[in-house]
Amino acid sequence: PYRLGGIPCIVLAVACFGPLDTAAKLATATVPLVVALWVRCLLQATATAAVFGPRLGRHLLRTAHPGRQVLRGLMLITTNGLGYLSLAVMPVAEFTAVIMLLPLVLTVIAAWQLHEPVSGLRWLCVGAGFVGTLLVIRPGRELFEWATLLPLLLVAVGAGFQLLTRAMTRHDSPGTIHLYSGLTGLVVTSAALPVFWRELPPATWGLLVLMGLFGATGHLLLIMAYQRAAVTRLTPYLYLQIVFGALGGWLVFGHWPDGAAAAGIVLIAVAGVFGTWLTGREIERAHARREAESSLQAIAGADEH
């Protein structure tokens, strides 16, 4: 049967995340945070069980690290909650651009914690990305709100979330990881739901269901993409989310970034794409260097005999 490749999967994923953010911004006016998170977690757990359950059965529930699964689930609802609160005070395009700092932040973490070599050009990309963020949120402007720093907190938590996910994929299947994240969030939000419950009109419930479906579908497509292609090949396509976010903000709210914000958005996107390309090139060169060294060692060993 025909299967989508990694690039089509990730393009479809970010095509889901753009409308998700637009719908979330609409919902922030009337829907309590806990209710929105509860619906999203419920649909994520249900959709994951429906997609992976028939094939994996009980194996879907088997995990090597239940504690890490719970931690990842808590981190996921934290990032979702920060995103929801951020969208209440920020336009969709600007919010999307700031969270696209995440790949650049992972470069810094790799250099600091994992002791991975980072070239001067990649550090330049990181710096350019942070300059772009300052242009978007502009701390010195008159209408600046401290709440506009929430996406930066989201990026910080999201970096830990990504590193934890990378470690967990060595032991558990993507379906298992995705299911436990949804179930963890569902348990936590269900405990708080009676306190924050509010009667909502049918149209609002439809909006929440739409958010849940976009979120669950987007994350499943993201998992499929990373199963089928290398991270460095896929990451540049993540920046299409800025385009979808800007389009949604314009169509639904009539907002288009001003000159400084637009320049910051472009700077973040260019720095991210170029930084990813540099990372891929450095990985290929390191791999070629190791292969050459192995070949020379093999030749030297043969000569000794």
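Read on for a plain summary of the structure. (Residues numbered from 1 in each chain as written. Predicted model: local features only at pLDDT ≥ 70, side-chain atom pairs only at ≥ 80, totals over all residues. Heavy atoms only, no water.)

**As for the packing of aromatic side chains**
Keep this limit in mind: Only the six-membered ring of Trp is used, alongside the rings of Phe and Tyr, when aromatic pairs are assigned; centres must lie within 6.5 Å, and planes under 30 degrees apart are stacked while those over 60 apart are edge-to-face, with the rest tilted. When accessible area is computed with a 1.4 Å probe and restricted to protein chains, residues below 20% of their type maximum are described as buried, those above 50% as exposed, and intermediate ones as partly exposed.
Summed over the entire model, instances satisfying the criterion amount to two aromatic pairs. Ring plane angle 35° and centroid distance 5.5 Å describe the contact between W197 and W205, whose orientation is recorded as tilted. Aromatic pair W250 and W256: ring centres 6.4 Å apart, planes at 80°, arrangement edge-to-face. Taking the relative accessible area as the measure of exposure, W250 reaches 46% and is therefore partly exposed. Since its relative accessible area comes to 54%, W256 is described here as exposed.

**Considerations on a nonpolar patch on the surface**
For the record, the criterion: Nonpolar side chains (Val, Leu, Ile, Met, Phe, Trp, Tyr) within 5 Å and like charges within 9 Å form the patches, drawn only from residues with over 30% relative accessible area and no salt bridge. In short, Shrake-Rupley with a 1.4 Å probe defines the accessible areas, and a residue's cover is counted only from the protein chains shown. Here, a salt bridge means any Lys or Arg side-chain nitrogen found within 4 Å of an Asp or Glu carboxyl oxygen. In DSSP terms, a helix is any run of H or I states spanning at least four residues, a strand is any run of E spanning at least two, and both are numbered starting from the N terminus.
Nonpolar side chains collect at one region of the surface, where L26, L247, W250, L251, V252, F253 and W256 lie side by side and expose about 720 Å² of accessible area between them. Among the elements that take part in the nonpolar patch, helix α11 (residues 240-253) stands out by supplying five residues, more than any other. Within the element layout of this structure, V252 appears in helix α11.

**As for the environment of T96**
Put simply, the test is: We call two residues in contact whenever any of their non-hydrogen atoms come within 4.5 Å of each other.
Residue placement: T96 occurs in helix α4 (residues 92-99). Residue class for T96 comes out buried when judged on its relative accessible area of 0%. Note: C-alpha distance between T96 and F17 (79 residues apart in sequence) is 9.5 Å. Apart from residues no more than four positions distant in its own chain, T96 is found in contact with D21, Q241, I242 and G245.

**Description of α11**
Formally: The length a helix should cover is 1.5 Å for every residue beyond the first. By definition, the arc is the one covered by directions from the helix axis to the C-beta atoms.
The terminal C-alpha atoms of α11 lie 20 Å apart, and with 14 residues this matches the ideal 20 Å at 1.5 Å per residue to within 8%. Within α11, burial applies to Q241, I242, G245, A246, G248 and G249. Projected down its long axis, α11 carries its buried residues within an arc of 160°, all on one side. Residues V243 and L251 are exposed on α11 and point more than 90 degrees away from its buried face. Looking one or two places after α11, you find G254, whose phi comes out positive at around 70°.

**Considering the side chain of Q44**
Where we set the bar: Here a polar contact means two N or O atoms within 3.5 Å. Within protein one must be a hydrogen donor candidate and the other an acceptor candidate, and residues neighboring in sequence count only if both atoms are side-chain atoms.
Mapping Q44 onto the fold places it in helix α2 (residues 33-56). Within the structure, Q44 has its side chain in polar contact with the backbone oxygen of H178 (distance 3.0 Å). Those residues in contact with Q44 that sit more than four places away from it in its chain are L76, H178, S181, G182 and A216.

**Notes on the environment of Y239**
Positionally, Y239 belongs in the loop between α10 (231-238) and α11. Classification of Y239 by relative accessible area gives buried; the value is 6%. Through-space distance from the C-alpha of Y239 to that of V11 is 9.6 Å; in sequence the pair is 228 residues apart. Excluding anything up to four places from it in sequence, Y239 contacts M100, P103, I268, A269, G272 and V273.

**A word on the nonpolar core**
General note: in soluble globular proteins, nonpolar side chains tend to be found buried as a group. Where we set the bar: Take the buried residues of types Ala, Val, Leu, Ile, Met, Phe, Trp, Tyr and Cys, join any two whose side-chain atoms come within 4.5 Å, and each joined set is a nonpolar core.
By size, the foremost hydrophobic cluster in this structure holds 70 residues, and its most contacted members are V31, Y84, M100, L208, M211 and I242. Looking at this core, the element that brings in the most residues is helix α1 (residues 6-27), giving ten residues. Apart from the residues lying within four places of it in its own chain, the contact partners of M211 are L20, A23, A24, A27 and Y84. The next biggest cluster of nonpolar side chains, apart from the first, holds five residues, and it includes A45, F52, L179 and L220.

**Details of the environment of T22**
Looking at where T22 falls in the secondary structure, it is placed in helix α1. Note on T22: relative accessible area 7%, which makes it buried. Distance from T22 to G248, taken between C-alpha atoms, is 5.8 Å for residues 226 residues apart in sequence. Contacts of T22, omitting those with residues within four sequence positions, involve V92, G248, G249, V252 and F253.

**Some words on the packing of helix α3 (residues 66-87) against helix α7 (residues 150-168)**
So the rule is basically this: For helices, the fitted line uses only the C-alpha atoms of the stretch in contact; every axis is such a line through C-alpha atoms, and the angle between N-to-C directions lies from 0 to 180 degrees. The cut-offs work like this: below 35 degrees is roughly parallel, past 145 is roughly antiparallel, 65 to 115 is roughly perpendicular, and the gaps in between are oblique. In this scheme, a crossing is called left-handed if the near helix is turned counterclockwise away from the far one by less than a right angle; it is called right-handed if the turn is clockwise. Following the grouping adopted for this structure description, the nonpolar residues are Ala, Val, Leu, Ile, Met, Phe, Trp, Tyr, Cys and Pro, the charged ones are Asp, Glu, Lys and Arg, and the polar ones are all others, Gly among them.
Axis separation between α3 and α7 bottoms out at 9 Å; the angle between their running directions is 155°. When the axes of α3 and α7 are compared, the pair comes out roughly antiparallel. In this structure, α3 meets α7 at a crossing whose hand is left-handed. In this structure, α3 uses R68, Q69, L71, R72, M75, L76, T78, T79, L82, G83, L85 and S86 to contact α7, whose residues at the interface are L150, P151, L153, L154, V157, G158, G160, F161, L164, T165, A167 and M168. Along the lines of polarity and charge, the residues of the contact of α3 with α7 split into 14 nonpolar, eight polar and two charged.

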